[in-house]
Amino acid sequence: MSSREKILAAVHANQPDVSPLPELHFSIGEENHVDRFKTVLAGIGGHVVEVANWNQISEFITLNFSESKRIVNTIPELTAVGGSKALENDPHLLEDVDLAILHGHFGVAENGAIWITEDRMGDRALPFITQHLAFVIDKKEIVPNLHEAYSRLETSTHQFGTFIAGPSKTADIEQSLVLGAHGPKSLLVFLIER
Amino acid sequence: MNHAELADHFNKDESRVDWHDKTLWYIREKRDKAAWQTPDWELLRSTASQIKNNVLSNLHEYLLQFERKAQQHGVTVHWASTPEEHNQIVYSIIQKHGVSNIVKSKSMLTEECHLNEYLSRHGIDVVDTDLGERIVQLADEPPSHIVLPCIHWKKEEIGELFHKHLGTPKGNADPQFLTAAAREHLRQRFMTSKVAITGVNFGVAETGEVVVCTNEGNADLGVQLADVHIACMGIEKIIPQRKHLGVFLRLLARSATGQPITTYSSHFRKAREGQEMHIVLVDNGRSERLASDDFRNALKCIRCGACFNTCPVYRRSGGHSYHTAVAGPIGSILAPGLDMKQHGDLPFASTLCGSCTHVCPVKIDIHDQLFKWRQVIVQKGYASVSKKAGMKLMTLVLSNPSVYKIAGATGRWLIKYLPFVVNNRLNSWYKQREMPTAPKQSFNEWYNQNRKQS
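Residues numbered from 1 in each chain as written. Chains lettered and ligands numbered in written order. Predicted model: local features only at pLDDT ≥ 70, side-chain atom pairs only at ≥ 80, totals over all residues. Heavy atoms only, no water.

Participant: Honestly, the packing of helix α1 (residues 3–14) of chain A against helix α4 (residues 59–72) of chain B in this entry has me stumped. Any pointers?
Facilitator: Each pair of packed helices gets described by two things: the angle between the helix axes and the distance between those axes. At a minimum axis distance of 8 Å, the contact between α1 of chain A and α4 of chain B shows a crossing angle of 145°. Residues R4, L8, V11 and H12 of chain A of α1 of chain A touch α4 of chain B, and the partners they reach there are L59, H60, L63, L64 and E67 of chain B. Counted by class, the contact of α1 of chain A with α4 of chain B contains five nonpolar, two polar and two charged residues. (Axes fitted to C-alpha atoms, helices over the stretch in contact; angles between N-to-C directions. Helix = DSSP H or I, 4+ residues; strand = E, 2+ residues; numbered from the N terminus. Contact = heavy atoms within 4.5 Å. Nonpolar A, V, L, I, M, F, W, Y, C, P; charged D, E, K, R; others polar.)

Participant: I'm lost on the interface of chain A and chain B in this one. Help?
Facilitator: Many authors give the size of an interface as the accessible area that is lost as the parts come together. Across the boundary between the two partners, chain A contributes 72 residues, which contact 91 residues of chain B. In total, chain A and chain B occlude about 6,900 Å² of area from one another, counting both sides; carbon and sulfur atoms represent 59% of this. On the chain A side of the contact with chain B, Y150, I173 and H182 of chain A bury the most area, a combined 12% of that side's loss. Joining chain A to chain B, the criterion identifies four salt bridges. As a salt-bridge pair, R250 of chain B and E110 of chain A come within 3.0 Å of each other at their nearest N and O atoms. Where chain A meets chain B, there are 45 residue pairs in polar contact (both at pLDDT 80 or more). For the side of chain A that touches chain B, the elements supplying multiple residues, two or more each, are α1, β5 (113–117), α4 (126–129), α5 (146–152), β8 (160–164), β9 (169–170) and β10 (178–179) of chain A. Sort the elements by how many residues they give to the side of chain A that touches chain B and α1 of chain A lands first, with nine residues. Here the residues of the side of chain A that touches chain B sort into 32 nonpolar, 27 polar and 13 charged. Summarising the sheet, β8 of chain A and strand β9 (residues 264–268) of chain B pair through five bridges and their orientation is antiparallel. Residue pairing across strands places T162 of chain A opposite S266 of chain B, the latter belonging to β9 of chain B. (Buried area = accessible area lost by both parts, 1.4 Å probe. Salt bridge = Lys/Arg side-chain N within 4 Å of Asp/Glu carboxyl O. Polar contact = N/O pair within 3.5 Å; in protein donor to acceptor, adjacent residues only side chain to side chain. Pairing = 2+ DSSP bridges.)

Participant: Would you take a moment to explain the nonpolar core for this structure?
Facilitator: Note that soluble globular proteins tend to have their nonpolar side chains buried in a common cluster. Judged by nonpolar contacts, the single largest core of 134 residues is most densely connected at F163 of chain A together with I279 and I330 of chain B. When residues of this core are assigned to their parent elements, the largest contribution, seven residues, is made by helix α12 (residues 244–256) of chain B. Ranked by size, the runner-up nonpolar core spans 22 residues in total, among them Y91, V99, I124 and I197 of chain B. (Core = buried A, V, L, I, M, F, W, Y, C linked by side-chain atoms within 4.5 Å. Buried < 20%, exposed > 50% of the residue type's maximum accessible area, 1.4 Å probe, protein only.)

Listed below in structure tokens is the structure:
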């Protein structure tokens, strides 16, 4: 008997009588979701900038990031930054990226996380290998909690997707919080009103 | 050496014990704050518990569904009954790609299987990429905590370790600086490793995707820069549907460190173009445990480490005193199921205060199981010789009223007149404690004197 058959047979023989799945009903909270998102994200090391249009994002980036370093922009509306050169087919060539700008699907108020899928990443490695990461999120696209987030993802056919909440961090050395463990050292979120 | 002896060793440095104790309690407090700020916290715990009950009761079906879905997305699914088989499978995949350097993000399962040792014997250089795990790996130690692998290390010692292995300046113990040095050092490994191993926090039966949570981004960086992703998971890591992730991800990081969620919660469903993805499903005693009404619930664990941080024994004895991959209260109820002879001491490494059960996000009855394991271990004859002799003596004394009376009187007389008979090193209860002053009479004597008269 193969290990697969052996394991499955043992599981089948040993599992107890079926216990039903619970219903998922949770409260949403009264607080304004956008405010909550901003507070929580700041608390976990993210930086929120509210903007009225795409132009303001371009201006902010030009002002705060050096042109001499590599910026990868994956958002068509933001033509003014980063150029439109297609990415190479090798994630290792992204090692020198200083700033990556991605259009997140939505944010989650209770934990400051942003959902992003492969199709909006340019390359799967980009959100992790870049030194700094910026997201653009529509202000309307903030959901109160993870239950609402997953109800949006019920039929999602993503091949790779991730929630990103703040910059990469570690507290492994004596519980001292350090931003920029292996991934981005900073996370910038542009909340755009549309 | 057993838990008590290893804890003795840890306890030699009292100021370090105090520091260890306080650091972990601080994390427990962060967990409390996060829990209190989350509406429906108790509802989340009971819901998570019920979902896991359902998983364990329908695991056969869920495993098949998970395998089918994963295969539909081109993922190769492997099954391993034993740690050896798991290690062989992983090695054969690495071998097939002809590489000798690989990266691995945190996976308690691979610790349980001693994968690193196995691969290193076969000439494969494994680099643990989680910072804490890298630190203990450089020191040639196992992790002492499932979430905080080097919680027992002081920054000065890490500075010294990095000076020796990474060439950082001697005497520099600044966490920011040391983390930056590790980032540089590990970036090189990420850039050159063609195989990346990750653990799995949740495997979703409905979709065949696996979810991996990290704060550092090391799992993602490893996988996305490699040609091959090997995800290793215990069969109990399955959850029924994607929407159930909402429940577990709300609980996991808050219980672990007090964060609202880990920085990265990545959903791997299909390999990137040109990449291979493998999932190794490991049993190692889990299917057998499923049959036990008393101990099945331990399989609900989501490895948050909350029970470690709250445990008065763990905080004061350190993770290495548990001599097992998963330490702490949950480790003490998992390990005896794998090897009662080797780990029969662990259920006794507890005060049975119940704090672990109280903080567990999936409501495992940890302290009840610790107590039940004690009974099983003594019945099966795996208790230590001194414990067995003590139990026998207690049985004799407690089951016979006249022996009990004489023993009580003798004890009181001894403490009063010959205290050195009990106040000595042979009596472990005397360690770090004074013996009490003996009362003049027993309750029975007092009762006979006072109540019978009225």
